[in-house]
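Next come the chains, spelled out residue by residue.
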Amino acid sequence: MLPYIQIGPATVQLPGLVVLVGLWLALELTARFAERVRVSGDLAVNAVLWGLGVGVVAARLGYALRYLDAFLQAPGSLFSLNPQTLDPTLGAIGGLLAAWEYARRKKLPLRALLDALSPGVLLFAFFLAIAQLLGGSAYGMPTKLPWGIELWGARRHPTQIYAAVLTLAALGWILRAGRAARGDGTLFLQTVGLLAAIRLFVEGFRGDSVVIAGGVRVAQLVALVVLLVVWWLYPRWSGGNGGSR
Amino acid sequence: MRQKRAYWLWLAAILLLGGGWIWLTRAPQSVRSGPPPAPKEGFSAPDFTLQTLDGKSVSLGDFRGKVVLVNFWATTCHPCRAEMPTMERVYEQERDKGFVVLAVTAEPSAEAVRAFVQNYGITFTVLLDKNAKVSREYRVYGTPTSFFVDRRGVIRWVVFGGPMSEALIRSKVETLLKEKP
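Residues numbered from 1 in each chain as written. Chains lettered and ligands numbered in written order. Predicted model: local features only at pLDDT ≥ 70, side-chain atom pairs only at ≥ 80, totals over all residues. Heavy atoms only, no water.

Trainee: What exactly am I supposed to notice about the sheet that holds strand E7 (residues 155-160) of chain B here?
Mentor: For sheets, the rule is that strands pair by backbone hydrogen bonds, running either parallel or antiparallel. All names here are of chain B. The seven strands are arranged E2-E1-E5-E4-E3-E6-E7 in an open sheet whose pairing can be described as mixed. Each edge of the open sheet is held by one strand with a lone partner, namely strand E2 (57-59) and E7. Across the sheet, the axes of successive neighbouring strands diverge by a mean angle of 30°, strand direction being ignored. Across four bridges, strand E4 (residues 99-105) lies against strand E5 (residues 125-128) in parallel orientation. Note that in E5 the partner of threonine 105 across the bridge is leucine 128. Contacts from helix H4 (residues 110-120) reach strand E3 (67-73), E4 and E5 within the one sheet, and its direction differs from that of E5 by about 165°. Along the sheet face, helix H6 (residues 166-178) touches E3, E4, strand E6 (145-149) and E7 and points at about 20° away from the line of E6. (Pairing = 2+ DSSP bridges. Helix = DSSP H or I, 4+ residues; strand = E, 2+ residues; numbered from the N terminus. Axes fitted to C-alpha atoms, helices over the stretch in contact; angles between N-to-C directions. Contact = heavy atoms within 4.5 Å.)

Trainee: What exactly am I supposed to notice about the domain arrangement of chain B here?
Mentor: Often the size quoted for an interface is simply the accessible area lost on bringing the parts together. Per the domain assignment, the segments making up chain B are domain 1 (1-33) and domain 2 (35-178). Spacing between the C-alpha centres of domain 1 of chain B and domain 2 of chain B amounts to 46 Å. (Domains from an automatic or database assignment.)

Trainee: Help me out: how do you make sense of unusual backbone geometry in this one?
Mentor: Excluding glycine, a negative phi dihedral is what most residues carry, and trans is how most peptide bonds are arranged. Residues and elements named next belong to chain B. Note that the residue after threonine 143, namely proline 144, is joined by a cis bond; omega there is -5°. When you line up the elements, proline 144 lands in the loop between helix H5 (133-137) and E6. Omega for the bond connecting glycine 162 with proline 163 falls within 30 degrees of zero, at 0°, which places this linkage in the cis form. Structurally, proline 163 can be placed in the loop between E7 and H6.

Trainee: Sorry if this is basic, but what is going on with helix H8 (residues 218-238) of chain A here?
Mentor: Residues that lie three or four places apart on an α-helix share one face, since the helix turns once every 3.6 residues. For H8 of chain A, which comprises 21 residues, the first-to-last C-alpha distance of 30 Å matches the rise-based estimate of 30 Å (1.5 Å per residue) to within 8%. Where H8 of chain A bends most, the angle comes to about 25°, and this point is tryptophan 232 of chain A, followed within four residues by the proline proline 235 of chain A. In the core, the buried residues of H8 of chain A are packed alongside helix H5 (110-135) and helix H7 (186-203) of chain A together with helix H1 (2-24) of chain B. Count one or two residues on from H8 of chain A and you reach glycine 239 of chain A, which has phi positive near 75°. (Expected span 1.5 Å × (residues − 1). Bend = angle between axes of the 7 residues up to and from the residue.)

Here it is, written out as structure tokens:
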């Protein structure tokens, strides 16, 4: 775990730095991969950048609306660099809407665009897991297994490493499957399905899960629902013989 | 026909394997019970006892039931200097509602700290971590680092670096003050 390093007067947050590097590499991969599904790499990257830009603004405005009194007393805080004053849900909604609107204006086929983004999404998820390892978040339950890591006062399952390795394997699978991608959105569905399956598996070892009655982990239930949605959509998007046919 | 069969087999696999794994990996009681002490969000804030500039001993545990901002700082750190007046403003306004600031410094010179406190007009509690034991226990590798501790003594947010904006401090403190002890 190495959450940050001090360089002179500046405190560099390593997890944040790793996330930024991951984002940059994911965009590079997207630009290269997009052509395979007949989408302009530049336009695909621009859609992501629009989404990110609008997403950050929406996240800050959403947070400011939630804590209106605090921001009215210190309006300059609206422009501060603190990432702790962002509303992730509103940011995600705003970002997705902006990317979708950009794609619509540029007449980008939505499912092909989603396919184009798939390897980049997985590469970013890999770097996110590394950032979590550096920051000590998304930590595992205590274990006596020899590959456990010392974290927060106990020897724990290295859940961040489990997630990173599995995500890397999923990326390999998607890059291979991407050779025959048709731009019908099924590559994206495979990506979402793989990410949900990884979360379902790794969450079982996590020590910070939100749980409901009986100790059932909420994230696993959500992942299972996502898998069911992928199962329902896949034959419909691929034009195969689904259950409703 | 074969494709249709595979489709339903996939559903069975998702439900059986997914559902089975969820049931098998239910969180044990140790995960559901109170968190052990560690300098991390979701864990109990490790207790410490330090001395003020006047030589009075103060423990974090003394403030159970209150909202505490534990801020690690240094007189030579620019972001620390920038956020001190902000913390002071929020402290002045919220102290009567149960908000406490413990500003911990591993500065070797108590005199330099005293001069700084007078210069900035600080009224919240400043604690001297002479051998940096508490800073090490809280894994403070750089200043400022801030821990927002709720009324139950659990760390809710950690802010690495700074300066923290006034809205950041207000919004976090406001949220924690609204919670029941």
